[in-house]
Amino acid sequence: GDDLLIQGNVCSNSTDQHGIYMSLNEHGCVVRGNVLWGNNWDGLHMNALVGSPNDGALVEANVSYGNKLSGMDIEGVTNATYRNNVIYGNGKHGITLHSQDQANTPPASGNLFANNTIAGNGMFAIQMQAADTAETLVNNVLMGSTSNSAYGSIGVPSGSPAGRQRASPGLAVS
């Protein structure tokens, strides 16, 4: 749908999948001020397919913690803004960007991540795949896994294309 607003909800303890699931063909949606915790998969999952985009979303001021997979799973989403979110204590990544689940999923591209605090997840604070391009990270506080020193703040596969990620001088990583 277009211009959907999901605001001020507590989404917890989903026994099957995600706290909030945003499917394909979503345009200009706003996900704001939600608390997503203790879900069997991700706190927030957004996805798209070729010809059925999920674009132009604003995801802000959410808290996502204690989910078994990622705080936010961003699959094939384009031109979205993720700002002022707090994401911690999830089983895998804080945020994962990818186009892996289905063969016809477009790359995640043109997304802005600003002023987020992401710390203490099981793996990377933010994890990206080689196909995902032109992601911008500005003024975030990103801390890698507290339980496994093999995972740092930002996971970027080797051989990633140029223009894949930009980070501002204000980016804090550990």
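First, a word on scope: everything that follows refers to the structure included in this document. Numbering of residues starts from 1 in each chain and follows the order in which that chain's sequence is written. Residue-level local features of this predicted model are given only where pLDDT is at least 70; pairs of side-chain atoms are given and counted only at 80 or more, and the full residue set underlies all totals for whole chains, interfaces and linings. Each side-chain value is worked out from all heavy atoms of the structure, with water and hydrogens disregarded.

A separate point is the sheet that holds strand S3 (residues 20-22). Any two strands with at least two DSSP bridges between them are considered paired. Under the DSSP-based scheme used, a helix requires at least four consecutive residues in state H or I and a strand at least two consecutive residues in state E, with every element numbered from the N terminus. Spatial ordering of the open sheet is given by S3-S7-S11-S14-S17-S20, a layout of six strands whose pairing is parallel. The open sheet terminates on both sides in strands that have one partner only, identified here as S3 and strand S20 (154-155). Across four bridges, strand S11 (residues 72-75) lies against strand S14 (residues 95-98) in parallel orientation. Opposite Asp73, over in S14, you have Thr96 as the bridge partner.

Attention now moves to unusual backbone geometry. Backbone geometry places Ala61, a non-glycine residue, at a positive phi of 60°. By the element assignment, Ala61 lies in the loop between strand S9 (58-60) and strand S10 (63-65). One non-glycine residue with positive phi stands out, namely Asn139, at about 55°. Tracing the backbone through its elements, the reader meets Asn139 in the loop between strand S18 (135-138) and strand S19 (141-142). Judged by relative accessible area, Asn139 falls into the partly exposed class, the value being 40%. Buried, partly exposed and exposed residues are distinguished by accessible area as a fraction of the type maximum, computed with a 1.4 Å probe on protein chains only: under 20%, between the cut-offs, and over 50%, respectively.

What follows deals with the nonpolar core. Put simply, buried Ala, Val, Leu, Ile, Met, Phe, Trp, Tyr and Cys residues joined by side-chain atoms within 4.5 Å make one nonpolar core. The biggest cluster of nonpolar side chains holds 27 residues, and the ones touching the most others in it are Met46, Tyr82 and Ile95. Secondary-structure elements contributing two or more residues to this core are S3, strand S7 (44-47), S11 and S14. The criterion used for residue contact is that any of the two residues' heavy atoms lie within 4.5 Å. Residues within four places of Met46 in sequence aside, it is in contact with Met22, Asn54, Ala57, Val59, Asp73, Ile74, Glu75, Val77 and Tyr82.

For salt bridges, the criterion is a side-chain nitrogen of Lys or Arg within 4 Å of an Asp or Glu carboxyl oxygen. Scanning the entire structure with this criterion turns up two salt bridges. We note a salt bridge from Glu60 to Arg83, for which the minimum N-O separation is 2.7 Å. You can see Glu60 sitting in strand S9 and its partner Arg83 sitting in strand S12 (residues 81-83), a full 23 residues away along the chain. Linked through salt bridges whose partners overlap, the residues forming this network are Arg32, Glu60 and Arg83.

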